Amino acid sequence: MRVSVVDAGSNTVRLVIADVEGGVPLPVHTVKWKLRLSEHLGPDGTIADEAVRRLVEAVGAASATARRWQAAGPLAFATTVVRTAPNRHEVLHRVAAGTGVRMCTLPGETEAELTFLAARRWLGWKAGPLALLDIGGGSLEVAFGRGRMPGFVASLPLGAGRLTREYLTLQDPPGPKELKELRRRVRHELRDVAARIRWERPRTVAVTSRTFQQLARLCGAPPGRYGPFVERELACRDLREAVRALAALPAAERAGLPGISAPRAEQSLAGAVVGHTALKLMGLSRAVVCPWAIREGVLLRYAEDGADWWTDATSTAGPVTPTTGTGPTAVGAITTTAGAGAPATTAVLRVAGPPA
């Protein structure tokens, strides 16, 4: 069975075509379109008209490519940059009208669940109790579980692109005051989630996303050309040094460092601060870099649970605004618990369905 997935993120639109016979997504063809949607937002997060037009063109090109490769789908979704945009309904409608592809936005915790599944399948059961961290452009997804799917998930507004825009644009390189305020924000957002992960005491910690891959290379991990089966780790102490190195350079010069690409150089510092702070607060000394992430998670769920899973997942999926905290469960909240003594974390979701 050949299936295609389209993922519209803060920086790129990616198409993955894979054969999933036997439950393993084997890549056949991949393409990406660099749109950098996060750079075309209004003050309230509205996506500019020209950026929407380019998104429609990219999704249309992805759909045509999938057809040429005789792949089912595409299973199309957009992440935080569209999910939290005030004009998200218009964006999804224009994509559907212009391409025939019904793109949806998945709740942040669903993204975390799918990415966790991908990491679990890649690392196997020997990983034991598994924690996952995934830094995107707009959000940070965290998950923990002992089985195939996580028992705890959280989506936090700690994306590398978002934090760069909010804290690191006054001067280049940023001053000590900006970095201090950024660290304070990250610690505040992570406090409850980090307490939960510390309590769970994971055997293995997996990190995914291009941000973590580039930071791992900066910290000495083997380059990508060695292939996905080379083991790569990221140590908390090395991330601390990475923060110092990145903070000392203007954004344009960071691209000269190992692993840091020019398109992601500006947000690499914020990503390093989030990664280091998360590992430190969670009491984790190192993490394993996992090459599989949300796209592979979508393919795995589709292969393991059938096409009905995607239909069910997208029938109610829509833009959400997640927050975390403690306290009584509100309407529409999802609360995870784990025995006496575990810190409770509530993820409150304000859900609005996509246009018909």
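Above this text you will find the structure in question.
So, here's what we can say about the structure.

Calculation notes
- Residues numbered from 1 in each chain as written.
- Predicted model: local features only at pLDDT ≥ 70, side-chain atom pairs only at ≥ 80, totals over all residues.
- Heavy atoms only, no water.
- Helix = DSSP H or I, 4+ residues; strand = E, 2+ residues; numbered from the N terminus.
- Buried < 20%, exposed > 50% of the residue type's maximum accessible area, 1.4 Å probe, protein only.
- Contact = heavy atoms within 4.5 Å.
- Areas by Shrake-Rupley, 256 points an atom, 1.4 Å probe, with all protein chains shown as cover.
- Phe/Tyr/Trp six-rings, centres within 6.5 Å; stacked < 30°, edge-to-face > 60°.
- Pairing = 2+ DSSP bridges.
- Axes fitted to C-alpha atoms, helices over the stretch in contact; angles between N-to-C directions.
- Salt bridge = Lys/Arg side-chain N within 4 Å of Asp/Glu carboxyl O.
- Patch = residues over 30% accessible without salt bridge, like charges linked within 9 Å, V, L, I, M, F, W, Y side chains within 5 Å.
- Lys, Arg positive; Asp, Glu negative; His and termini not counted.
- Charge placed at Lys NZ, Arg CZ, Asp CG, Glu CD.

### Concerning the overall build of the protein
- For the protein, the count of helices and strands is 12 helices and 14 strands.
- Classification of the 356 residues of the protein by burial places 55% in the buried group.
- Considering only intrachain contacts with a sequence separation of at least 6, the fraction spanning at least 24 residues in the protein is 68%.
- Total accessible area on the protein is roughly 15100 Å²; 52% of this is exposed by carbon and sulfur atoms.

### Some thoughts on the packing of aromatic side chains
- Within this structure, the stated rule accounts for 3 aromatic pairs.
- Judged by centre distance (5.5 Å) and plane angle (15°), the rings of Trp 122 and Phe 229 are stacked. Here the residue Trp 122 occupies a position in helix 4 (residues 108–123), and Phe 229 occupies one in the loop between helix 7 (210–218) and strand 10 (233–235), the gap between them amounting to 107 residues.
- Using a relative accessible area of 24% as the deciding quantity, one classes Trp 122 as partly exposed.
- For Phe 229, a relative accessible area of 71% gives the class exposed.
- Aromatic rings pair up to connect Trp 122, Phe 229 and Trp 292 into one cluster.

### Quick notes on unusual backbone geometry
- A cis geometry characterises the amide bond from Asp 172 onward to Pro 173, with omega recorded as 5°.
- Here Pro 173 shows up in the loop between helix 5 (160–167) and helix 6 (176–200).
- Within the chain, Gln 70 stands out as a residue other than glycine whose phi angle is a positive 55°.
- Note on placement: Gln 70 falls in the loop between helix 1 (49–68) and strand 4 (72–78).
- Residue classification places Gln 70 among the exposed positions, given a relative accessible area of 69%.

### Details of the pairing of strand 7 (residues 140–145)
- Taking burial as the measure, the 6 residues of strand 7 include 6 buried ones, the bulk of the element.
- Residues Leu 140, Val 142 and Phe 144 point to one face of strand 7 and Glu 141, Ala 143 and Gly 145 to the other, with burial holding for every one of them.
- Inspection of the sheet shows strand 6 (residues 130–135) paired to strand 7 by 6 bridges, in the antiparallel sense. Looking across to strand 7, one finds that Ile 135 is bridged to Leu 140.
- Counted between consecutive antiparallel strands, the loop separating strand 6 from strand 7 contains 4 residues.
- Sheet analysis places strand 7 next to strand 8 (residues 152–156), joined by 5 bridges and oriented antiparallel. Bridging across to strand 8, Ala 143 finds its partner in Val 153.

### Remarks on the sheet that holds strand 1 (residues 2–8)
- The 5 strands are arranged 3-2-1-4-5 in an open sheet whose pairing can be described as mixed. The sheet terminates laterally at strand 3 (26–34) and strand 5 (104–105), the two strands that pair on one side only.
- Pairing geometry for strand 1 and strand 2 (residues 12–19), over 7 bridges, is antiparallel. Bridge assignment links Arg 2 to a residue of strand 2, and that residue is Asp 19.
- Contacting strand 1, strand 2, strand 3 and strand 4, helix 1 runs over the sheet at an angle of about 15° to strand 2.

### A closer look at the pattern of salt bridges
- Within this structure, the stated rule accounts for 20 salt bridges.
- The partner of Arg 146 in a salt bridge is Glu 200, with the nearest N and O atoms 3.0 Å apart. Of the two residues, Arg 146 is situated in the loop between strand 7 and strand 8 and Glu 200 in helix 6; the sequence distance between them amounts to 54 residues.
- Across the salt bridge formed by Arg 301 and Asp 305, the nearest N and O atoms sit 2.5 Å from each other. Placement of the pair is Arg 301 and Asp 305 together in helix 11 (residues 294–305), with a separation of 4 residues, close to one helical turn.
- A residue is classified by how much of its surface remains accessible, and Asp 305, at 34% relative accessible area, is partly exposed.
- Salt bridges sharing partners connect three or more residues here, namely Arg 121, Arg 148, Arg 301, Glu 304 and Asp 305.

### Brief notes about a positive patch on the surface
- Taken together, Lys 180, Arg 183, Arg 184, Arg 187 and Lys 280 make up a surface patch of like positive charges.
- It is helix 6 that contributes the most residues to the positive patch, 4 residues altogether.
- Assignment of secondary structure puts Arg 187 in helix 6.

### Describing the sheet that holds strand 7
- Taken together, the 6 strands give an open sheet; going across it, the order is 8-7-6-9-11-10, and neighbouring strands pair in mixed fashion. At either margin of the open sheet sits one strand with a lone partner, and together these are strand 8 and strand 10. Strand-to-strand twist across the sheet, computed as the mean angle between neighbouring axes with direction ignored, equals 25°.
- Relative to the sheet, helix 6 contacts strand 6, strand 7 and strand 8, its axis offset from that of strand 8 by approximately 155°.

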